[in-house]
Amino acid sequence: MCKDYVFIFLIALVFSTVNVTAQVTQNGWKEERQVYQKVFDAKLDIDEQRSATILQLAQTKPLIIAMVFTRCTGVCSPFLLQFKENLQMIEKKNFNVVVISFDTRDSLKDMAMLAQIFDLKTNPQWTFAVTDAIDSLSSSIGFDPVWDEKRQQFEHDAIAVGVNTEGIITKKLIGMRNSKDLELLIKSIEGAFSPSYRLPGKSNLFSCFNYNPQTGRNMPGLGLLFIAIPAVVTFLLVVVINLLTKNYRA
Amino acid sequence: METVKIKKITALWIVVVLLLFVVSIILGILMRLNQGEIIHHSPVTFYGNMTTHGLTMIGIWFVAGMAGVNYLMQRYVTVSLWPNMTGLIFTAIGVILLWVSTFIGDFHAGWTFLYPLPFKVMWASWATPMFLCSLTVMGVGWLIWSLGMVMQLLKRYSISQVFAWQHFGKNPKVETPPFVLISMITLVGVIASLLAAVVLLILYFMEFFSNSSFVNDALLMKNLTYFFGHTIANEMLYLGLAVLYELFSEVSGRPKWKTTWYIAVSWNLSLVFILTAFFHHLYMDFVQPEGLQIVGQLASYLASLPAAGVTVFSVIIAVYRTKIKWSLTNLLFFIGVAGWVVGGLGALIDATISNNFVLHNTLWVPAHFHTYNVMGNVLFSLAFFHWFAMQFANNNITERFAKTKLGLLILGGAGFLAVFYLGGAESIPRRYSNYPAEFPSAQVLAYVGAIFATVYLIAILFFFLNISKRCVKIMFSSSS
Ligand code: HEM
């Protein structure tokens, strides 16, 4: 009898392990992917005469890498514009920005034009570049644009990647972000620890506290109940066992 | 018949625990040697060893306490075999799954597997679910075992008697033995912590199965992790204390300890404090409201006062200017209490919010929790193991090499712990596989730690050989 139970239990265990394995390689945590890994040391072409690898650039000053393509009809332009404006508001300037095209159709000329449009061509803090090793670079920073044949466009994130002087990715920002987030990114490339907390979204069910930005107040959430459950259930279990064993004591 | 089986299963538990202890110490020494740059492991190997070491140690000293309490409980109530058996089978399966996930699957998220680390797959993709399954299996087994014991206690004692509430007043009609009281209080804490693990694991699995359409709240997960981790690590110490309360006076040839009003009050209070002290693990979490941080500090202070204060007081009273029959068993208990007090003080220093800003995640943390384990709880259980083995030794064995064994144990343990404390005082971070140049003394301290730990290991090997030899005989003897 006992052996049967053990056998069934083992089968169930193996089954659930196999089943769950399929779920592990999920796509979440984009912003954390590749953080604290070394960035691929791609050779960047900056203009007709100049080229340098990412590590060579990073050695002088830490870098923020932004990924765009010049034929982008979506997020690239607003992203670059906001990025530029946010950076202007930040006083500390001990870092450089490298804008790299991930579209192999882009030439040095295209990138120079892009720099011109954003009025960054002569700004020494900014570098616009193309590279032959875009696939290795993209995978090393956890960036995976998908080509849409119909629209002749890439489906991609707006991404800024902080790389410190040792070539280590310290933080990533995905999406259009405010200057506060950018400050945290800059702090991280300077070696300071920046606490972060993932904000609850729609898929987040059991938050301990719910912050109301309108009132600025933190209200207890359903999650707190989960912390109390073990103690409450234990108490109930003891009471139930006490009732069940009443006859033995009599 | 049932008693004989429980005797045999206890002997088996003892052998298994000691065997796994030796392996886990070796993993610990390898970690210290790596930190000392004497050997060179990859970070994956280091953190794999750290995860295996941490979880195996917590697991074995928990089951050691349970086995001891389970065995001695036969003195007061009828103890059934099957919950104990279930605990054993589930622990064995759980340990195998754990070791496969870490040694073969390279899972290395630490024994606290803090969310979201298990989902940041930097190992074989099957290793995360296998690791979580291993915890589930052990958790279920231990829950059944604990509930089984609570059931046995409540078959004999009413709820108020088992918690010794009648001792709050004068002249209680029924006496609740201290062993029964402490066991019950501890088992309730154990059950709560295991249920916290159940909730935690369910949330983990939900996120797995939902394919990211459901994500967990990091703060909730951290609270649950420490509700489980901190509480079970503390409760396993109390299991050891229950054994001490039962055996110390007996082996010392002194009258048996009785439950008084202050023992009853202090242990009842400690249940509340122990269940809320885990908040001190979240001092650095800026999103946790301040009120809970204060609860964490207060509960940490208060938790230590009743149980530690009363126990230390009782032990000192028992030995001060009285004729004691000293043996290896009560010496181990006595030194264990001293280790527990030193570790407890180290813990209180760290649990003070203002100090925690300095000591958080430095070597001070492994320093204090290793103190009350390596020189505290382990000694309580070793005392029980030794006493148990001696009980059933046919001939009148003299306690050979007792002084050597104890000497090595104290020397090795104290030296190993001292360098952890020194490291903590110098703000050397914990959980670093290799120390950066900013901490010039860290490597040397790690190397010295490894040497002392080896001395400790030698002492443990002595105990292992001596005790296991007798336990194996007990396991295979046909007589009762
Ligand atoms: C002489 C015996 C032991 C040695 C040599 C040893 C060694 C170590 C080392 C080197 C670490 C890593 C420290 C760091 O840098 O953070 C560690 C962590 C740990 N040890 Fe031990 N230890 C021993 C005994 C014990 C015992 C008896 C227990 C528990 C009952 C224990 C539980 C743990 C735990 C829970 C961790 C934390 C693991 C983690 O952070 O995930 N150890 N030990």
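Residues numbered from 1 in each chain as written. Chains lettered and ligands numbered in written order. Predicted model: local features only at pLDDT ≥ 70, side-chain atom pairs only at ≥ 80, totals over all residues. Heavy atoms only, no water.

(A) View of the overall build of chain B. A tally of regular secondary structure across chain B gives 14 helices and 0 strands. Along its sequence from the N terminus, chain B presents helices and strands in the succession α-α-α-α-α-α-α-α-α-α-α-α-α-α. The C-alpha atoms of chain B give a radius of gyration of 22 Å, which matches the 23 Å a tight globule of 480 residues would have. Summarising its shape, the C-alpha atoms of chain B cover approximately 60 × 45 × 45 Å along the three principal directions. Residues counted as buried form 63% of the 480 residues belonging to chain B. (Helix = DSSP H or I, 4+ residues; strand = E, 2+ residues; numbered from the N terminus. Rg over C-alpha atoms; globule rule 2.2 N^0.38 Å. Buried < 20%, exposed > 50% of the residue type's maximum accessible area, 1.4 Å probe, protein only.)

(B) Structural view of the overall build of chain A. Each helix and strand counted, chain A has 8 helices and 11 strands in total. For chain A, buried positions account for 42% of its 250 residues. When the accessible area of chain A is evaluated, it comes to approximately 14500 Å², of which 57% is carbon and sulfur surface. (Areas by Shrake-Rupley, 256 points an atom, 1.4 Å probe, with all protein chains shown as cover.)

(C) Focus on the coordination of the iron atom of the ligand. Protein coordination at the iron atom of the ligand comes from His53(B) (NE2) and His370(B) (NE2), with a distance range of 2.0 Å. Looking at His53(B), the relative accessible area reads 12%, which means it is buried. (Donors = N, O, S within 2.8 Å, 3.2 Å for Na, K, Ca; no water.)

(D) Structural view of unusual backbone geometry. For the peptide bond that leads from Tyr115(B) to Pro116(B), omega is 5 degrees, which places it in the cis range. Structurally, Pro116(B) can be placed in the loop between helix 3 (81-104) and helix 4 (127-156). Within the chain, Asp119(A) stands out as a residue other than glycine whose phi angle is a positive 60 degrees.

(E) Region of interest: the packing of aromatic side chains. Enumeration according to the criterion identifies 51 aromatic pairs over all chains in this entry. For the pair Phe79(A) and Phe83(A), a centre-to-centre distance of 5.6 Å together with 20 degrees between the ring planes defines the contact as stacked. Residue Phe79(A) and its partner Phe83(A) are located together in helix 3 (residues 76-89), separated by 4 residues, close to a single helical turn. Since its relative accessible area comes to 5%, Phe79(A) is described here as buried. A residue is classified by how much of its surface remains accessible, and Phe83(A), at 4% relative accessible area, is buried. Residues Phe248(B) and Trp257(B) carry aromatic rings whose centres are separated by 5.9 Å and whose planes lie at 35 degrees to one another, so their mutual orientation is tilted. Phe248(B) sits in the buried class, given a relative accessible area of 1%. Taken together, the ring pairs in this structure connect Phe107(B), Phe113(B), Tyr115(B), Phe119(B), Trp123(B), Phe131(B), Tyr204(B), Phe205(B), Phe208(B) and Phe209(B) into an aromatic cluster. (Phe/Tyr/Trp six-rings, centres within 6.5 Å; stacked < 30°, edge-to-face > 60°.)

(F) Structural view of the confidence of the model for chain B. Residues of chain B with pLDDT of at least 70 account for 98%, and the chain-wide mean is 93. The ipTM assigned to the predicted complex is 0.90, against a pTM of 0.81. (pLDDT = per-residue confidence, 0-100.)

(G) How the structure looks around the interface of chain B and chain A. Chain B puts 55 residues into the contact, and the matching count from chain A is 41 residues. Of the roughly 4300 Å² buried between chain B and chain A on both sides combined, carbon and sulfur atoms contribute 76%. At the boundary of chain B and chain A, one finds 0 salt bridges. Of all the secondary structure elements, the ones that give two or more residues to the side of chain B that touches chain A are helix 3, helix 4, helix 6 (178-209) and helix 7 (218-251) of chain B. With 13 residues, the single largest contributor to the side of chain B that touches chain A is helix 6 of chain B. Of the residues assigned to the side of chain B that touches chain A, the class counts are 42 nonpolar, 8 polar and 5 charged. (Contact = heavy atoms within 4.5 Å. Buried area = accessible area lost by both parts, 1.4 Å probe. Salt bridge = Lys/Arg side-chain N within 4 Å of Asp/Glu carboxyl O. Nonpolar A, V, L, I, M, F, W, Y, C, P; charged D, E, K, R; others polar.)

(H) Geometry of the side chain of His108(B). Residues and elements named next belong to chain B. Considering the arrangement of structural elements, one finds His108 in the loop between helix 3 and helix 4. Of the polar contacts made by the side chain of His108, one reaches the backbone oxygen of Asp106; its length is 2.6 Å. Contact partners of His108, with chain neighbours within four places excluded, come to Val44, Tyr47, Gly48, Thr51, Met122 and Trp123. (Polar contact = N/O pair within 3.5 Å; in protein donor to acceptor, adjacent residues only side chain to side chain.)

(I) Quick peek at the site of the ligand. Residue and element names in this part refer to chain B. With respect to spatial proximity, 26 residues lie near the ligand, and among them Gln35, His53, Trp111, His370 and Arg431 are the closest. At a separation of 2.9 Å, an oxygen atom of the ligand approaches a polar side-chain atom of Gln35. Within the side chain of His53, an N or O atom sits 2.8 Å from a nitrogen atom of the ligand. Looking at the shell around the ligand, the elements with two or more residues in it are helix 1 (2-35), helix 2 (43-73), helix 12 (364-391) and helix 14 (442-476). Looking at the shell around the ligand element by element, the count peaks at 7 residues for helix 1. Classifying every residue of the shell around the ligand gives 16 nonpolar, 7 polar and 3 charged. (Near = heavy atom within 4 Å.)

(J) The side chain of Gln152(B), seen in detail. Residues and elements named next belong to chain B. Along the polypeptide, Gln152 turns up in helix 4. A polar contact of 3.1 Å, which involves the side chain of Gln152, links it to the side chain of Ser80. With residues near it in sequence (within four places) discarded, Gln152 still touches Val77, Thr78, Val79 and Ser80.

(K) Broad picture of the packing of helix 7 (residues 222-244) of chain A against helix 4 of chain B. Interaxial distance between helix 7 of chain A and helix 4 of chain B falls to 9 Å at its minimum, and their mutual angle equals 45 degrees. The angle between helix 7 of chain A and helix 4 of chain B places the two elements in the oblique class. Crossing handedness for the pair helix 7 of chain A and helix 4 of chain B: right-handed. Facing helix 7 of chain A, whose interface residues are Leu237(A), Val238(A), Ile241(A) and Asn242(A), helix 4 of chain B presents Leu147(B), Val150(B), Met151(B) and Leu154(B). For the contact of helix 7 of chain A with helix 4 of chain B, the per-class residue count stands at 7 nonpolar, 1 polar and no charged. (Axes fitted to C-alpha atoms, helices over the stretch in contact; angles between N-to-C directions. Parallel < 35°, antiparallel > 145°, perpendicular 65-115°, else oblique. Left-handed = near helix turned anticlockwise from the far one by under 90°.)

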